[in-house]
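# Structural characterization, general
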Amino acid sequence: MNSFEKIAAIHSSMSRGFFVVSGGGSGVLSRLLTVPGASQTVLGAEIPYSCEAMADFLRMKPENCCSEPAARRMAVTAWRKAEQYAKTACETELTPEMEENIFGFALTATLATTREHRGEHRAFLAFQTRSRTISYTLELKKGELDRAAEETLVADWALDRIAEFCGVIPATEKPTRTFQAPELWQQIWTGEIPFLEIARDGSVSQKLSSETRGIFPGSFAPIHAGHIAMHRCTENLLGGDVTLEISVLNADKPPLDFVTVQDRLDRIFASPDFNGKRILLTGLPYFEQKAECFENQTFVVGIDTLERIADARYHFNEPILLERSLQRLKEHDTRFLVFGRLKSGASGECFVDFQAKKFPKTLSMLCGGVTECEFRNDLSSTQIRASEAEQNRKR
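None of these values were measured; they are calculated from a predicted model.

So, on to the overall build of the protein chain. Summing up its helical and strand segments, the protein chain has 14 helices and 16 strands in all. In terms of overall dimensions, the protein chain is globule-like: its C-alpha atoms have a radius of gyration of 23 Å, near the 21 Å expected for 395 residues. Considering only C-alpha atoms, the protein chain reaches an extent of 70 × 50 × 45 Å along its principal axes. As displayed, the protein chain has an accessible area near 19500 Å², and 50% of this comes from carbon and sulfur atoms. Separation of charge centres in the protein chain, based on 47 positive and 53 negative side chains, amounts to 4 Å.

This is how it looks when you write it as structure tokens:
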């Protein structure tokens, strides 16, 4: 099967996707678009080439634009766009079969350029659907090919992966990472159910345990000694179980893919010092949603999170919308246990803890602060990720 026939077969398949390409391999898009029938496959495409464009596409600045996790993050963002466009174009509700054929495709590559890269030349590719996350890695020998030859190689490789994904040709390459999500997980991503409670033994419930006295939301990327100490401190203060919560949707960041979520769950439960019994997996990015779903609960937050809750920018810069949101938190008997943290300012670093007078009265009445004397730990996930990335580069 030549390239034209392969692309024509892709266009004849039921698969439809949103494509995002950065750093190299953009030729795969032009190939798809030059064969008749492209509108049957390509719902849309973006090429966020600069760091600024990538940050805009992902709604955050990635720590490394060319990596396997970055490709997965791009793919899940692309899937959200594909799902949106497909629903708009469809005059009726999408069937489960139609939804499974909608995908996000991402390709990011570091190839030969006018300056020499520190690392190897390589490409990362990912697919995201309602039920699966799949990623691939291509290693190139730096200096062996010029830019044009590397572009052709990556485009050929990407086209074959797309053809495999669409069932046009048999699979010949093993994915770097893949995860088939359970049906209940999928329903969180699509908004059909709000949360799942996952126990250490892998059992799943759609109800919050009656033993829960507090909920500790966070990305936990990764979980570290500061989180664990904070969890232990909170259980002592509240006199009962505190459950970690990971939301797959975030107000400021792209959705999490299935591989990322499974990795985080595994890492949390594998931590020898973490004694939590359960983890909440939710699709609730806003505290107003969490409060409605988990009434009469105490949420464990850092001072920076509380500052965002009190920021009108997250309510379309409308103070009246902010006040309404805070009133709804109050109506659901929501409480916040607020931990301080080390913050950088114009005068240097200082530890900032909860002070009621700095927040709207409606919010302050829902809060209790943990003083620096009661708890302080300056570890951050950002520092740990940076350290792990540096170690990986040295290997």
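Back to the text.
Further remarks concern the packing of helix α1 (residues 3–12) against helix α6 (residues 147–165). Contact geometry of α1 with α6 gives a least axis separation of 10 Å together with a crossing angle of 40°. Taken together, the axes of α1 and α6 are oblique relative to one another. Both α1 and α6 take part in a crossing whose hand is left-handed. In contact with Ser3, Lys6, Ile7 and Ile10 of α1, α6 contributes Leu159, Asp160, Ile162 and Ala163. Of the residues belonging to the contact of α1 with α6, the class tally is 5 nonpolar, 1 polar and 2 charged.

To continue, consider the pairing of strand β9 (residues 212–217). For β9, the buried fraction is high: 5 of the 6 residues fall into the buried class. With 5 bridges connecting them, β9 and strand β10 (residues 241–247) associate as parallel partners. Opposite glycine 214, over in β10, you have valine 242 as the bridge partner. Between β9 and its parallel partner β10, the chain crosses via helix α8 (residues 225–238), and the hand of that crossover is right-handed. As judged from the 2 bridges shared by β9 and strand β12 (residues 298–302), these two strands associate in the parallel manner. Its bridge partner being in β12, isoleucine 215 is matched across the sheet by phenylalanine 299.

Next up on the list: the sheet that holds strand β3 (residues 102–110). Where strands meet in a sheet, backbone hydrogen bonds hold them as pairs that are either parallel or antiparallel. Spatial strand order, β2-β1-β3-β4-β5-β6: 6 strands in an open sheet with mixed pairing. The open sheet has two edge strands with one neighbour each: β2 (42–46) and β6 (177–180). Sheet twist, expressed as the average angle between the axes of neighbouring strands with direction ignored, equals 10°. Direction of pairing for strand β1 (residues 16–22) relative to β2: parallel, over a ladder of 4 bridges.

Rules used in this analysis
- Residues numbered from 1 in each chain as written.
- Predicted model: local features only at pLDDT ≥ 70, side-chain atom pairs only at ≥ 80, totals over all residues.
- Heavy atoms only, no water.
- Helix = DSSP H or I, 4+ residues; strand = E, 2+ residues; numbered from the N terminus.
- Rg over C-alpha atoms; globule rule 2.2 N^0.38 Å.
- Areas by Shrake-Rupley, 256 points an atom, 1.4 Å probe, with all protein chains shown as cover.
- Lys, Arg positive; Asp, Glu negative; His and termini not counted.
- Charge placed at Lys NZ, Arg CZ, Asp CG, Glu CD.
- Axes fitted to C-alpha atoms, helices over the stretch in contact; angles between N-to-C directions.
- Parallel < 35°, antiparallel > 145°, perpendicular 65-115°, else oblique.
- Left-handed = near helix turned anticlockwise from the far one by under 90°.
- Contact = heavy atoms within 4.5 Å.
- Nonpolar A, V, L, I, M, F, W, Y, C, P; charged D, E, K, R; others polar.
- Buried < 20%, exposed > 50% of the residue type's maximum accessible area, 1.4 Å probe, protein only.
- Pairing = 2+ DSSP bridges.
- Right-handed = clockwise from strand over helix to strand, strands pointing away.

Nothing here speaks to function; it is geometry throughout.
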